[in-house]
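Chain and residue survey
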2 protein chains.
Amino acid sequence: MSNKPYKGFEPKWLLTPAPEGSYRSIFRWGDPEFFKYPKESLYKLMKERFDMTDDDFRDYTDDIGFDPVDLSEYPSKIAPEHIAALEKIVGKDFVTTQDYPRLAVAYGCTAYDLLRLRHKEIENLPDVVVYPDTTEQVEQIVAYAVKEKLPVYVYGGGSSVTRGVEAVKGGITLDMRKRFNKVISFNETDQTITVQAGMSGPKLEETLHNAPTLFGAKRPYTCGHFPQSFEYSSVGGWVVTRGAGQNSTYYGTIADIVMGQKYATPIGRIVTSHYPREATGPDLNQIMMGSEGTFGVLTEVTLKVFRWMPENRKRFSYMFKNWEIAMDAAREMMQHECGYSSVFRLSDPEETNLMLKLYNVDETPLAPLLDKLGFQDMQRCMFLGFTDGEKGFSRNVAKNIARIARKYGAMPMTGFVTKSWEKGRFNDPYLRDTLMDFSVTTDTLECTVNWSNMAQVHRDVRAVCHALPNTVVTTHMSHCYPQGANLYFIFITKMNNSAEFKRYHTTILDAIQKSGAAISHHHGIGKMFAPWLEGYLGEKEYGVLKVLKEYFDPDYLMNPGGTIGLDLKPEEKKFLVEKKDYR
Amino acid sequence: MSNKPYKGFEPKWLLTPAPEGSYRSIFRWGDPEFFKYPKESLYKLMKERFDMTDDDFRDYTDDIGFDPVDLSEYPSKIAPEHIAALEKIVGKDFVTTQDYPRLAVAYGCTAYDLLRLRHKEIENLPDVVVYPDTTEQVEQIVAYAVKEKLPVYVYGGGSSVTRGVEAVKGGITLDMRKRFNKVISFNETDQTITVQAGMSGPKLEETLHNAPTLFGAKRPYTCGHFPQSFEYSSVGGWVVTRGAGQNSTYYGTIADIVMGQKYATPIGRIVTSHYPREATGPDLNQIMMGSEGTFGVLTEVTLKVFRWMPENRKRFSYMFKNWEIAMDAAREMMQHECGYSSVFRLSDPEETNLMLKLYNVDETPLAPLLDKLGFQDMQRCMFLGFTDGEKGFSRNVAKNIARIARKYGAMPMTGFVTKSWEKGRFNDPYLRDTLMDFSVTTDTLECTVNWSNMAQVHRDVRAVCHALPNTVVTTHMSHCYPQGANLYFIFITKMNNSAEFKRYHTTILDAIQKSGAAISHHHGIGKMFAPWLEGYLGEKEYGVLKVLKEYFDPDYLMNPGGTIGLDLKPEEKKFLVEKKDYR
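Reading the values: rules and limits
- Residues numbered from 1 in each chain as written.
- Chains lettered and ligands numbered in written order.
- Predicted model: local features only at pLDDT ≥ 70, side-chain atom pairs only at ≥ 80, totals over all residues.
- Heavy atoms only, no water.
- Helix = DSSP H or I, 4+ residues; strand = E, 2+ residues; numbered from the N terminus.
- Rg over C-alpha atoms; globule rule 2.2 N^0.38 Å.
- Buried < 20%, exposed > 50% of the residue type's maximum accessible area, 1.4 Å probe, protein only.
- Contact = heavy atoms within 4.5 Å.
- Areas by Shrake-Rupley, 256 points an atom, 1.4 Å probe, with all protein chains shown as cover.
- Lys, Arg positive; Asp, Glu negative; His and termini not counted.
- Charge placed at Lys NZ, Arg CZ, Asp CG, Glu CD.
- Least-squares fit on C-alpha atoms with pLDDT ≥ 70 in both.
- Pairing = 2+ DSSP bridges.
- 1 Å grid on protein atoms, 1.4 Å probe; cavity = no way out; pocket = protein on both sides within 12 Å on 5 of 7 lines; lining within 4 Å.
- Points joined across faces, edges and corners; volume = space filled by probe spheres on them.
- Nonpolar A, V, L, I, M, F, W, Y, C, P; charged D, E, K, R; others polar.
- Axes fitted to C-alpha atoms, helices over the stretch in contact; angles between N-to-C directions.
- Expected span 1.5 Å × (residues − 1).
- Buried area = accessible area lost by both parts, 1.4 Å probe.
- Salt bridge = Lys/Arg side-chain N within 4 Å of Asp/Glu carboxyl O.
- Phe/Tyr/Trp six-rings, centres within 6.5 Å; stacked < 30°, edge-to-face > 60°.

Right, let's get into the overall build of chain A. Across its full length, chain A holds 22 helices and 18 strands. For 583 residues, the compact-globule estimate of 2.2 N^0.38 gives 25 Å, and chain A sits close to it at 24 Å. Referenced to the eigenvectors of the C-alpha coordinate spread, the extents of chain A come out at roughly 75 × 60 × 55 Å. The buried share of chain A, reckoned over its 583 residues, is 68%. Across chain A, every contact between residues at least 6 apart in sequence was considered, and the portion connecting residues at least 24 apart equals 77%. As displayed, chain A offers around 20000 Å² of accessible surface, 51% of which is attributable to carbon and sulfur atoms. Charge-centre separation for chain A: the mean point of 70 positive side chains lies 5 Å from the mean point of 74 negative side chains.

Following this line, the structure appears as structure tokens:
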């Protein structure tokens, strides 16, 4: 964030790159040279909301994690013959039991992970990290692990917010980042690309943009999948968790983009079919997606690709008078059958309040104009996005959005707001790291609702959040459909303790399950949300997951330790609502 | 078909309604008062292709099935206490072991079924037919059947072309047509409707068109699902087989339209969730769809509904020079990101040849013009369709289709052709019945291909068909996607024997499996295609279906006798290709 200098006191924001090999280099997001911190007005707001003073920001609450990783108290427990066997499969240089690489793949990115890492709470670690190169190697590793009863975990991009990658039972973690990230094939006729599961978001997009040079393609392409974690997430992670990108309203979630998958499972190679639709029994692609590594290791994915036509993009942003009107307008846009916008993002009043500062709208003439026209703070709702697709299509979507916004009394806010959002869309996690040095902790929870239960879920969940101490909770919908949308809650709170965070998180998840919403729209379940899954799906419905698990992995070696609840004890599960019919 | 009088000999087309209670009233399609027969030029073509003469059409090959159904040789074998128990659940009037109602639900609509019924080959029959009224009744029936080890079959609309409804093991058939066809709820906010599974296509559409009157809705709606069997098919049948309607290129297949499902299974009630997308493990909706009654009885379905805006429809039709050019143009239209047309139908040269006669284009000035402009018979390809959606969207799709058609050298054929197709779109089965009286038998097979294997599958399958004696085989694609399309083969042949038909059908299905195409795009698998399913999916992949079956229905009582291959013996299955990777 390029900021004006503060007029008053400015906290000692940590703007030094973390040393290589340090704890901080693990728990901090992404690029070591990039930093983001709040501008002065936001800093003031924060102090106010969290009942903090400048004194709280004079020094870091805790150790900032610059010291080198030292796991001498947590030595690898794997037998030397296993190391030798793994080395035989992938090569000597690609198997390690060293401290740093083990810790580097031990945690994801939920605040629970970051707080634990900041306090050097080493709960779980893999015993060995392996860097596979080929699908055949992954298959051999899985076969070996099954024979020797070793747990297998996978680390793709590392941005799980559900403890999805955590090696709760030790054993092997496959770190896919180093080598398992290659293009297998590109098919321009079918507009598909097949990649290894460790392919990162940026590398995939770069590959597709350069399709003419790399593959002699007629034009550049895009996969259309841009989660906030884009820069540090992998195709495999997207697929196994059923992720969604910020442009999903047009491109679809990853479950819509996937054409085919290949897995290395304990019972052998599983290859789904690769056709757009078929009537050949239950859909195997949809059975494997969402299994989060518990059925086997995803090795290869075939994805749809789309034409890359950023020149056709139309940006828009509007302000609505209040949340009720805004929800109605958003629904009308989604049900209008004029095509869907690519990014489609509606913020509730509390988020709007924050955004106007975050995107510097408070410093433009728009701010007083809003007040003057009766768009009241903590009532008004910001809506922004942009369209994609063929020129006429893109224009028609934008035109209809404008028409409907007008009908619902919205005020146009220019393309400025959307551009500001775009600038920050992948780098908000840097801001989170900076604030955590002073015990200001940010995390998110999200769910799916239908239009008819949206107001109630929004109200109920926020009421629970607001009853928690020192909490700012902002909400938006960002993945929208004719039948409903996600609701995404960002909560910021003064907190510096992992156990306290877990209790806090639990309270909100309880509220989401009770509200009847789908307990995840696109983050997945992992180990952190697992206690709520069976209660959400229903016991007999959940039984389907169990029989699938026992078919693929009867020894419970694939991502064990609670992932999607498969090896949780009954008493560890939450059943807070009776499964209700939809009406 | 309203025809001009024949100039030469006219066959004795059977234009008398079948008597109530007759065999013919069962094997004949739909409305007893509606008839369709070929016009003279088509009749002549038929004689030529099948090496037939007027003599072959002087009288019907066989008994025309006017005599009353008599099953005295096939008495119901169900014990009286079971009848009493079922009567207790649904009421005395809604349980029957009488001949006619048993035979009426014994067969579907593949030519194999019709040939067997025409020859009174009674292979399989339910012992009792039950007409449930409520979900609770269906649940009680399933629970009773499980307790007493009675097989349970379901008859929805009766238009299965896969022997999906055939009561191979006797027992109970639930005939859903009489009572299990009610609206459960309509939700205009979410744009969804929940119905009992026996709801018919026309009743559903009528309900949605009348939503303002029936539910006080703001506007009329449509479900957008119009299979050729529309008039005699049920929502339940669509869903369990993963069907697709003729407008699926815009509205999606039923797998896209379904929001939620409820099943009565041997282990109890299963309710899927009802959200547009979620990341809560494998997708249960997609696991239940395609189970074809083998996991339990589908009781209720929640469907998306769309705004009914026929006023925005834009019709189009074009002629392409040849199949290669036409395929390229169709692919370009699908990958253009301008939105999708609702009906999108491209015929290959042999089908085009037939269509020009069937739709009377041969009698318009367009016919000589085509010849003159070098669009040669048996080379040229007819393409037709119409758009739906919001006005600007619909117009933009049609505009882009026109532009791309022009780019590929197509000749516009006016809206006349599309209107002719629309007239016949649901009543072609009547023509089939009329021709079968003279041993001219029609049936269809279909598959999914990607664009890159379309030419090869089209060529390979047709080569096999053409090697069969007396065969006309026409092909079209009618459900299209950016990554591929279906290929739909209609074959017409001189044949009057069910065993011979089965051999014939097998030869073509072998060719489809060998070609590597998905062995069904939307007909489903049933009992007739079951031998090929495991070979198509792969053994380990198919194993998923088996464990699901054993979870839901360990006693194999739900639609038993080969449905989706679950209780076939290994030697009954076909493994004609090694499962290959997609590239």
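Moving on from the model shown.
This part takes up the relation of the copies chain B and chain A. Relating one copy of the chain to the other requires a rotation about an axis plus a shift along that axis. The operation relating chain B to chain A is a screw motion whose rotation component is 180°, with 0.0 Å of axial translation and a residual RMSD of 0.0 Å. In symmetry terms, the pair is related by a two-fold rotation axis.

With that settled, the discussion passes to the pairing of strand 10 (residues 297-304) of chain B. All names here are of chain B. Most of strand 10 is tucked away, with seven of its eight residues classed as buried. Note: strand 6 (residues 192-196) against strand 10, five bridges, orientation antiparallel. Across the sheet, Thr 192 pairs through a bridge with Lys 304, a residue of strand 10. Pairing of strand 8 (residues 258-265) with strand 10, which is carried by six bridges, proceeds in the antiparallel orientation. Bridged to Ala 264 within strand 10 is Val 297.

Residue and element names in this part refer to chain A. Approximately 810 Å³ is the volume found for the largest pocket. Around the largest pocket sit 35 residues that line it, and Ser 25, Gly 30, Tyr 155, Arg 177 and Tyr 232 are the ones nearest its centre. When residues of the lining of the largest pocket are traced back to their parent elements, those giving at least two are helix 1 (23-27), helix 4 (99-104) and helix 5 (111-118). Across the lining of the largest pocket, the residue classes break down as 16 nonpolar, 13 polar and six charged.

This brings us to the sheet that holds strand 5 (residues 183-187) of chain B. Sheets are built from strands that pair by backbone hydrogen bonding, the pairs being arranged parallel or antiparallel. Residue and element names in this part refer to chain B. Strand order in the open sheet formed by five strands is 5-6-10-8-9, with antiparallel pairing between adjacent strands. The open sheet has two edge strands, strand 5 and strand 9 (268-271), and neither has a second partner. Recorded for the sheet is a direction-independent mean angle of 10° between the axes of neighbouring strands. On the sheet, helix 7 (residues 201-209) packs against strand 5, strand 6 and strand 10 and is oriented at approximately 140° with respect to strand 6.

A few words on unusual backbone geometry. Of note in the backbone geometry, Glu 292 of chain A takes a positive phi value of approximately 50° without being a glycine. Along the chain, Glu 292 of chain A falls in the loop between helix 12 (284-288) and strand 10 (297-304). Look at Asp 51 of chain B: it is not a glycine, yet its phi comes out positive at around 55°. Mapped onto the elements, Asp 51 of chain B comes out in the loop between helix 2 (40-50) and helix 3 (80-90).

Attention shifts here to helix 21 (residues 530-537) of chain B. Buried residues dominate helix 21 of chain B, accounting for eight of its eight residues. Where helix 21 of chain B is buried, its residues contact strand 9 (268-271) of chain A together with helix 20 (498-515) and helix 22 (539-552) of chain B. Looking at the residues trailing helix 21 of chain B, positive phi occurs at Gly 538 of chain B, about 105°.

With 17 residues, helix 19 (residues 451-467) of chain A should cover 24 Å at 1.5 Å per step; its first-to-last C-alpha distance of 25 Å lies within 8% of that length. When we look at burial in helix 19 of chain A, the residues that qualify are Trp 451, Asn 453, Met 454, Val 457, His 458, Val 461, Arg 462 and Cys 465 of chain A.

Buried accessible area, meaning the area lost when the parts come together, often serves as the stated size of an interface. The partner chain A presents 99 residues to the 98 residues of chain B that form the contact. Summed over both partners, the interface of chain B with chain A comes to about 7800 Å²; 53% of that surface belongs to carbon and sulfur atoms. For the pair chain B and chain A, the interface holds six salt bridges. Tallying contributions element by element places helix 22 of chain B first for the side of chain B that touches chain A, with ten residues. Partitioned by chemical class, the residues of the side of chain B that touches chain A number 38 nonpolar, 38 polar and 22 charged.

It is worth spelling out the sheet that holds strand 16 (residues 440-450) of chain B at this point. Residues and elements named next belong to chain B. Strand order in the open sheet formed by seven strands is 15-12-14-13-17-18-16, with antiparallel pairing between adjacent strands. Unpaired on one side and paired on the other, strand 15 (411-412) and strand 16 mark the two borders of the sheet. The sheet contact formed by strand 12 (residues 314-320) and strand 15 spans two bridges and is antiparallel. Looking across to strand 15, one finds that Tyr 318 is bridged to Pro 412. Contacting strand 16, strand 17 (471-477) and strand 18 (484-494), helix 20 crosses the sheet at an angle of about 15° to strand 16.

Within this structure, the stated rule accounts for 54 aromatic pairs over all chains. With centroids separated by 4.7 Å and ring planes inclined at 80°, the aromatic side chains of Tyr 250 of chain A and Tyr 251 of chain A adopt a geometry described as edge-to-face. Judged by its relative accessible area of 8%, Tyr 251 of chain A is buried. Taken together, a centroid distance of 5.4 Å and an interplanar angle of 50° make the contact between Tyr 60 of chain B and Phe 438 of chain B tilted. With Tyr 60 of chain B in the loop between helix 2 and helix 3 and Phe 438 of chain B in the loop between helix 18 (428-436) and strand 16, the pair connects residues that are 378 residues apart, well separated along the chain. Exposure remark for Tyr 60 of chain B: the relative accessible area of 16% places this residue in the buried category. Here Phe 438 of chain B falls in the buried class, since its relative accessible area comes to 1%.

This part covers the pattern of salt bridges. Counted according to the given criterion, the structure contains 76 salt bridges over all chains. The shortest N-O distance in the salt bridge between Arg 58 of chain A and Asp 55 of chain A comes to 2.6 Å. The partner of Glu 123 of chain B in a salt bridge is Arg 116 of chain B, with the nearest N and O atoms 2.7 Å apart. By relative accessible area, which is 0% here, Arg 116 of chain B ends up buried. Overlapping salt bridges, with partners in common, bring together Asp 113, Arg 116, Glu 123, Arg 163 and Glu 166 of chain A in one network.

Further remarks concern the side chain of Arg 331 of chain B. Inspection of the secondary structure assignment puts Arg 331 of chain B in helix 13 (residues 323-334). Under the relative-accessibility criterion, Arg 331 of chain B is labelled buried at 16%. Not counting residues up to four positions away in its chain, the partners in contact with Arg 331 of chain B are Glu 188 and Thr 189 of chain A together with Trp 451 of chain B.

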